[in-house]
Amino acid sequence: MAKKVAVIGAGVSGLISLKCCVDEGLEPTCFEQTEDIGGLWRFKENVEDGRASIYQSVITNTSKEMSCFSDFPMPEDFPNFLHNSKLLEYFRIFAQKFDLLKYIQFQTTVLSVKKRPDFSSSGQWTVVTESNGKEQSAVFDAVMVCSGHHILPHIPLESFPGIQKFKGQYFHSRQYKHPEGFERKRILVIGIGNSASDIAVELSKKAAQVFISTRHGSWVMGRISEDGYPWDMVFHTRFSSMLRNVLPRTVVKWMMGQQMNRWFNHENYGLIPQNKYLMKEPILNDDLPSRILYGAIKVKSKVKEITETSAIFEDGTVEEGIDVIVFATGYTFSFPFLEDPLVKVEDNMVLLYKYMFPPQLEKSTLACIGLIQPLGSIFPTVELQARWVTRVFKGLCTLPSERTMMADIISRNKRRIDLFGESNSQILQTNYIDYLDELALEIGVKPDLVSLLLKDLKLAVKLCFGPCNSYQYRLVGPGQWKGARNAIFTQKQRILKPLKTRALKTSSNLPAFFLLKILGLLAVVVAFFFQLQWF
């Protein structure tokens, strides 16, 4: 008899968890408290309690080829970076393709998830839900928590003396939807993450002046990288990841700093991170430097005090006439339906094995999916998490002892602090390819490059030097997909398809710049010859 699995949430993590359950022959039931799928990526004009909220203009920071699920490439006519509505369209196509909607109970809130009295032997859970004012209880063999961590806003008002006296408007970035209504305002955005920079840039097109206050600064990257390709297709390769792992840490950190400053000098723009050698998640924003360059945005230090109409900063400067303050200060973990000890943070670390399993459970039948912040796309990450978790539930993979899991949590946290720092905003940060390979190894789907060098040299070169996309984890092992190899070799045409919207004549086989190089070389040879003749 198939094991019954409760999936909490029908966002990205919930949808892929449903598919993985079905792939493994499990019987899932998904509880979604709203009326539709999409989670964080479904924009609504009004903010809803208990649900993630985004602003209307949100664009993905990772490209479509690096963000799609491993056996379902995005349509080739989709843009490389997607507006939230376009990404939601992909999720709808995905859900329809794999017939996932029939497993979802919409407008159903999970009230509690508790161990059964015989949990130590059965590993079962009692899940209590509420729908249309009616409570129901059901028993499940396992639970996948897919509700995300962008729900409960973190607003540390105690860190901003005088905020109670402020006569203007202040709110968390979660409340922000669009720039209308902020015309000719003087606005202070507190924070320097992706949301903070996006909101500051957008508001600067309407406002009289926008200020960004940051304690530590941040690296800023654009979505466009070498030859116009998406940044993550250039940055996330196995070869570059291997170099970052084998080179001395000081060398890697120095190289990262040099690379980040290639676009513009962060020090000149007041953005350079306080500890520039930490590999913190950079901001992805194509417009922030230019908005700073012509004064629409001004970067300020940490806020020391708020008055009725002004902000006083740590460096002693004061900005008068502040009308609006936006707190882009992140989120706090919240799983109100879980028993308190299950998912907790202690000593600045999340006590979950590989960011998924509570190590203290007698039976490994509950896991968090998506409670992680990879330096890359979240979508392939949660997919591999779900693939591994469902195999653990099925008994095909096993977890080590509680003692071993705790040791791994502690050592992993030490590495995280060394790489990313101790900031609360980095508590879920992890290296991208390393983590994907770690999960793939558990499942048995990590590609063997040495073997491929002998069997399929062309593919091995692609895997080593090309983008590390999700298709690589469908080449071998459980869940193998026959289309994986072709998807890897055809990714370039899917990247270029939405860009080539104007017909062009075929370029010459001998481009002009190449001819100039040849002529330049000839000029050097001729000059050298005449120089010899002169002497």
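Residues numbered from 1 in each chain as written. Predicted model: local features only at pLDDT ≥ 70, side-chain atom pairs only at ≥ 80, totals over all residues. Heavy atoms only, no water.

Student: Mind showing me how you'd approach the overall build of the protein chain here?
Tutor: Within the protein chain, the secondary structure is distributed over 17 helices and 24 strands. Rg of the C-alpha trace for the protein chain: 26 Å, near the compact-globule value of 24 Å for 535 residues, within the 12% margin. In terms of overall dimensions, the protein chain has C-alpha extents of about 100 × 70 × 45 Å along its principal axes. In the protein chain, which comprises 535 residues, the proportion classed as buried is 50%. Counting only contacts in the protein chain whose residues sit at least 6 apart along the sequence, the fraction spanning at least 24 positions is 69%. (Helix = DSSP H or I, 4+ residues; strand = E, 2+ residues; numbered from the N terminus. Rg over C-alpha atoms; globule rule 2.2 N^0.38 Å. Buried < 20%, exposed > 50% of the residue type's maximum accessible area, 1.4 Å probe, protein only. Contact = heavy atoms within 4.5 Å.)

Student: Looking at this model, I keep getting lost on the sheet that holds strand β4 (residues 109–115). Mind explaining?
Tutor: Sheet strands associate in pairs through backbone hydrogen bonding, adopting either a parallel or an antiparallel arrangement. The strand order across the open sheet formed by 3 strands is β4-β5-β6, and the pairing between neighbours is antiparallel. Looking along the sheet, the strands with just one partner apiece sit at the ends: β4 and β6 (134–140). Going across the sheet, the axis of each strand differs from the next one's by a mean of 20°, ignoring polarity. In this sheet, strand β5 (residues 125–131) lies alongside β4 in antiparallel orientation, the contact comprising 6 bridges. Each bridged residue has a counterpart across the sheet, and for Thr109 the counterpart in β5 is Glu130. (Pairing = 2+ DSSP bridges. Axes fitted to C-alpha atoms, helices over the stretch in contact; angles between N-to-C directions.)

Student: What exactly am I supposed to notice about the pairing of β5 here?
Tutor: Two faces, one strand: in a regular strand the side chains alternate between the faces of the sheet. Most of β5 sits out of view: 5 of its 7 residues are buried. Sheet topology note: the β5/β6 ladder contains 7 bridges and is antiparallel. Within β6, the position partnered with Val128 by the bridge is Ser137. The turn joining β5 and β6, which pair antiparallel and follow one another in sequence, is formed by 2 residues; a positive phi near 55° is taken by Asn132.

Student: Sorry if this is basic, but what is going on with a nonpolar patch on the surface here?
Tutor: A cluster of nonpolar side chains, namely Phe239, Met242, Leu243, Val246, Leu453, Leu454, Leu457, Val461 and Phe465, defines an oily patch on the protein surface of about 870 Å² accessible area. Listed by contribution, the elements that provide at least two residues to the nonpolar patch are α7 (238–246), α13 (449–455) and α14 (457–465). Element by element, the count of residues in the nonpolar patch is highest for α7, at 4 residues. Of note, Phe239 is situated in helix α7. (Patch = residues over 30% accessible without salt bridge, like charges linked within 9 Å, V, L, I, M, F, W, Y side chains within 5 Å. Areas by Shrake-Rupley, 256 points an atom, 1.4 Å probe, with all protein chains shown as cover. Salt bridge = Lys/Arg side-chain N within 4 Å of Asp/Glu carboxyl O.)

Student: Please explain unusual backbone geometry as it appears in this structure.
Tutor: Leave glycine aside and you will find that most residues have negative phi; peptide bonds, for their part, are mostly trans. A positive phi angle, close to 60°, is found at Arg184, a residue other than glycine. Structurally, Arg184 can be placed in the loop between β9 (169–172) and β10 (186–190). Despite not being glycine, Tyr355 shows a phi value in the positive range, around 65°. On the secondary structure map, Tyr355 appears in the loop between β21 (349–350) and β22 (366–368). On the basis of relative accessible area, Tyr355 is assigned to the buried category, the value being 7%.

Student: What exactly am I supposed to notice about the domain arrangement of the protein chain here?
Tutor: Many descriptions give the size of an interface as the accessible area lost when the pieces come together. With domains assigned, the protein chain is organised as domain 1 (4–151 + 333–438) and domain 2 (154–222 + 263–330). A C-alpha centroid distance of 31 Å is found between domain 1 and domain 2. Together, the buried faces of domain 1 and domain 2 total about 1700 Å²; carbon and sulfur atoms form 47% of this surface. By the criterion of area lost to domain 2, the three top residues of domain 1 are Val47, Tyr55 and Asn61, representing 35% of everything that side buries. Applying the counting criterion to the domain 1 and domain 2 interface returns 10 residue pairs in polar contact (both at pLDDT 80 or more). In terms of residue count, helix α11 (residues 402–420) provides more of the side of domain 1 that touches domain 2 than any other element does, 4 residues in total. Looking at the side of domain 1 that touches domain 2 residue by residue, the classes come out as 10 nonpolar, 11 polar and 6 charged. (Domains from an automatic or database assignment. Buried area = accessible area lost by both parts, 1.4 Å probe. Polar contact = N/O pair within 3.5 Å; in protein donor to acceptor, adjacent residues only side chain to side chain. Nonpolar A, V, L, I, M, F, W, Y, C, P; charged D, E, K, R; others polar.)

Student: Would you explain the packing of aromatic side chains in this entry?
Tutor: Overall, the coordinates contain 25 aromatic pairs when judged by the stated rule. Both rings, one in Phe69 and one in Phe91, keep their centres 6.4 Å apart while their planes meet at 35°; by these two values the pair is tilted. With Phe69 in the loop between α2 (64–67) and α3 (84–97) and Phe91 in helix α3, this pair connects stretches of sequence that are 22 residues apart. Phe91 matches Phe69 in its accessibility class, with the two residues each being buried. Aromatic side chains Tyr355 and Tyr435 sit 6.1 Å apart centroid to centroid with 75° between the ring planes, which places their arrangement in the edge-to-face category. (Phe/Tyr/Trp six-rings, centres within 6.5 Å; stacked < 30°, edge-to-face > 60°.)

Student: In this structure, what is going on with the pattern of salt bridges? I would like to understand it.
Tutor: Side chains carrying opposite charge are able to pair once their charged atoms draw close together. Under the definition given, this model contains 26 salt bridges. Two residues, Arg391 and Glu24, come together in a salt bridge whose shortest N-O distance is 3.1 Å. You can see Arg391 sitting in helix α10 (residues 378–394) and its partner Glu24 sitting in the loop between α1 (12–23) and β2 (27–31), a full 367 residues away along the chain. Using a relative accessible area of 12% as the deciding quantity, one classes Arg391 as buried. The exposure class of Glu24 is buried, given its relative accessible area of 13%. Three or more residues are tied together by salt bridges with common partners; here these are Lys19, Asp23, Asp71, Glu383 and Arg474.

Student: Teacher, can you tell me more about the environment of Ser137 here?
Tutor: By the element assignment, Ser137 lies in strand β6. Here Ser137 falls in the exposed class, since its relative accessible area comes to 55%. For Ser137 and Val110, which are 27 residues apart along the polypeptide, the C-alpha to C-alpha distance reads 9.9 Å. Ser137 has contacts with Thr126, Val127 and Val128, leaving out every residue within four places of it along the chain.

Student: Explain the sheet that holds strand β14 (residues 297–300) here, please?
Tutor: If you trace the 5 strands from one edge of the open sheet to the other, you get β9-β18-β10-β11-β14, paired in parallel fashion. Every interior strand has two partners, whereas the edge strands, β9 and β14, have only one. When strand polarity is set aside, the average angle formed by the axes of neighbouring strands in this sheet is 20°. By the bridge criterion, 4 bridges tie strand β11 (residues 209–213) to β14 in an arrangement that is parallel.

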